[in-house]
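Descriptive analysis of the structure
So the chains spell out like this:
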Amino acid sequence: MDSVNRKNVNSRKSRLGLTFAKVLHIRAATGISPVDEIQKIKSNHRAKKQPVCSSQSQEDVREGKNRVEEVLLAKLFASISSIKASYAQLQFAQSPYDPDGIQFADEMVVSELKNLSELKQCYLKKQLDFDSPESALVSAEIQEQKSLLKTYEVTGKKLDSLLKLKDSELTFLKEKLEESIAQNRLIEKKLNSSGNLSVLDNLHLSGLNPSHLNTVLRHAIKSMRSFVRLMINEMESAGWDFDAAAGSIELGVSYLQENHKCFVFESFVSREMFEGFNYPNFALPNESLPDFKKRQRVFFERFTELKSVNPKEYLIRNSKSTFAKFCRAKYLRLVHPKMESSFFGNLSQRNLVSSGEFPETNFFAAFGEMAKRVWLLHCLAFSFRPEASIFQVRKGCRFSEVFMESVVEEPLLSSDVSQETKPLVAFTVIPGFKIGKTVIQCQVYLSQSKPPNNY
């Protein structure tokens, strides 16, 4: 029994030893010891666990770095907004001058620039360490919003000051406008007072003489030149070419001075206003004539009726009178549509005149005053017996002191001028008048240049 058991045990041991020997033989053949295998398995197990821990730490580092950079940018924009607000406050304190405000704003700008410099140094040295990035980020955003609010407040103050400045300018301009209106009224009053011809208040038909006609003529010339000055001012405002405009009226004229071109515009206005003067009805169409026997008194009564009234008021009350027809015809003839359009940008005045009404403008008021005095001159001329008549001098005629008067006093009229270079008439500015044997000289502009052959 015991021998059998021993044999079994020995056989088992021998088989176990044989198996162990085989394993050892295999390990020796491959060069791997059991211990090495165990270590390799452990190291592989660690290697499998190590990449997971490393990637997590790198991601945390990257996220923290991004967070720090986000806080840095927030602080950077907050500082820039503070500098912008402080600079706006500095500008506002300069006008009106506020030394305390300037000093305070300047200190704020310097302080914020220092903060920017510190941020720059921290970034370069990589010393950006924020205890709580979330709190720092919120704080930077709050600072930026406060700076923006301060900038808006400064801008609002600046706009308020500009509004006050515009209000003061508006008040000043209103005062200037009131002064101009008052001055215009004064000028209009003087114009009307001079138009009353008070020196002729006690004039009677039986006491008429050429000096009375000469007085009315001087008043007419004065109002005509006032209208011409107004017309030239409108031409300047509209950007007219004066050389071209003067040349379209009179060609081939050599002006002694540049400002003498105003006389050619006066000549144009005079020619249009005196056109038809020698006709009793002033060449107005469909206008009946008074009986020849009563004509002298009728014209004198017209003169007396109109000489002391305001032409604008008279036209409003008597829009169908002969004088109203005269004003309407002369305005439409004198003021060309293109001229009125360039002066005022529209044809509203012309349209009113064409429809039988009269515009209430300074331009038409000046025209109305001129028309009134020319009309008075016409009425007084036909109050004489024989009737007065007008004459003009042709271009190129030699100057004659009997019939002509130069509008400018120049060396052309001196006694040293030879017969060959005697001045010639360039154009008539104001026509002359004949009353019986009495001559009222016409006013002419002289030139030594000979006119073209076709004149």
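**Here we look at the pattern of salt bridges**
Scanning all chains against the criterion turns up 11 salt bridges. Between Glu250 and Lys395 there is a salt bridge, with the nearest N and O atoms lying 3.8 Å from each other. Residue Glu250 is located in the loop between α6 (242-249) and α7 (262-273), and its partner Lys395 is located in the loop between β1 (389-391) and β2 (404-406); the two are separated by 145 residues in the primary sequence. Taken as a pair, Glu250 and Lys395 share a single burial class, namely buried. For Glu387, the salt bridge goes to Arg385, with nearest N and O atoms at 3.7 Å.

**Some points on the nonpolar core**
Of all hydrophobic cores here, the largest spans 73 residues; its most connected members are Leu213, Phe265, Val269, Met273, Phe326, Phe367 and Tyr445. It is helix α13 (residues 362-381) that provides the largest number of residues to this core, a total of 13 residues. Once you skip the residues sitting within four places of it in the chain, Val269 turns out to touch Met224, Phe227, Val228, Met231, Leu334 and Met370.

**So, the pairing of strand β3 (residues 424-430)**
Counting buried residues along β3, seven of its seven residues qualify, which places the element largely inside the surrounding structure. Here five bridges tie β3 to strand β6 (residues 442-447), and the two strands are oriented antiparallel to one another. Its bridge partner being in β6, Phe427 is matched across the sheet by Tyr445.

**A closer look at unusual backbone geometry**
Between Arg385 and Pro386 the backbone carries a cis peptide bond, its omega angle lying at 5°. Positionally, Pro386 belongs in the loop between α13 and β1. Backbone geometry at Phe282 places phi at a positive 60°, although glycine is not the residue there. Along the chain, the position of Phe282 falls in the loop between α7 and α8 (292-306). Using a relative accessible area of 2% as the deciding quantity, one classes Phe282 as buried.

**Let's talk about the confidence of the model for the chain**
Segments scoring low in pLDDT should not have their predicted coordinates read at a detailed level. Residue-level pLDDT values for the chain average 80, and 78% of them are 70 or greater. Here helix α1 (residues 2-30) stands out as the element of the chain with the lowest mean pLDDT, 46, in contrast to α7, whose mean of 96 is the highest. Confidence over residues 1-10 falls short of pLDDT 50; this stretch has zero contacts with residues more than four positions distant or in other chains. Below a pLDDT of 50 lies the segment residues 23-52, which in the model reaches two contacts outside its immediate sequence neighbourhood of four places, other chains included.

**Overview of the packing of α6 against α7**
Running from N to C, α6 and α7 point in directions that differ by 45°, and their axes come no closer than 9 Å. The angle between α6 and α7 falls in the class oblique. Judged by the sense of rotation from one axis to the other, the crossing of α6 with α7 is left-handed. Between α6 and α7, the contacting residues are Phe242, Ala245, Ala246 and Ile249 on the first element and Val264, Phe265, Phe268 and Arg271 on the second. Tallied by class, residues from the contact of α6 with α7 come to seven nonpolar, no polar and one charged.

About the thresholds
- Every chain is numbered on its own, with residues counted from 1 as its sequence reads.
- pLDDT decides what is reported in this predicted model: residues at 70 or higher carry local features, side-chain atom pairs at 80 or more are listed and counted, and totals for whole chains, interfaces and linings draw on all residues regardless.
- As a convention, hydrogens and water are excluded, and side-chain values are obtained from all of the structure's heavy atoms.
- Any Lys or Arg side-chain nitrogen located within 4 Å of an Asp or Glu carboxyl oxygen qualifies as a salt bridge.
- Only DSSP runs of H or I covering at least 4 residues are called helices, and only runs of E covering at least 2 are called strands; the numbering of each starts at the N terminus.
- Under the scheme applied here, a residue whose accessible area is under 20% of the maximum for its type counts as buried, over 50% as exposed, and between as partly exposed, the area being computed with a 1.4 Å probe on protein chains only.
- Among the buried residues, those of types Ala, Val, Leu, Ile, Met, Phe, Trp, Tyr and Cys that are joined through side-chain atoms within 4.5 Å form a nonpolar core.
- Residue contacts are defined here by distance: any two heavy atoms, one from each residue, within 4.5 Å place the two residues in contact.
- Here, strands pair whenever DSSP counts at least two bridges between them.
- Note: pLDDT gives the predictor's confidence per residue, expressed from 0 to 100.
- Interaxial angle, 0 to 180 degrees, is taken between N-to-C directions of lines fitted to C-alpha atoms, where a helix line uses only the stretch in contact.
- Angles below 35 degrees are treated as roughly parallel, those above 145 as roughly antiparallel, those between 65 and 115 as roughly perpendicular, and all remaining angles as oblique.
- Two helices cross in a left-handed way if the nearer one is turned anticlockwise from the farther one by less than a right angle. They cross in a right-handed way if the turn is clockwise.
- Under the scheme applied, nonpolar residues are Ala, Val, Leu, Ile, Met, Phe, Trp, Tyr, Cys and Pro; charged residues are Asp, Glu, Lys and Arg; polar residues are all the others, including Gly.

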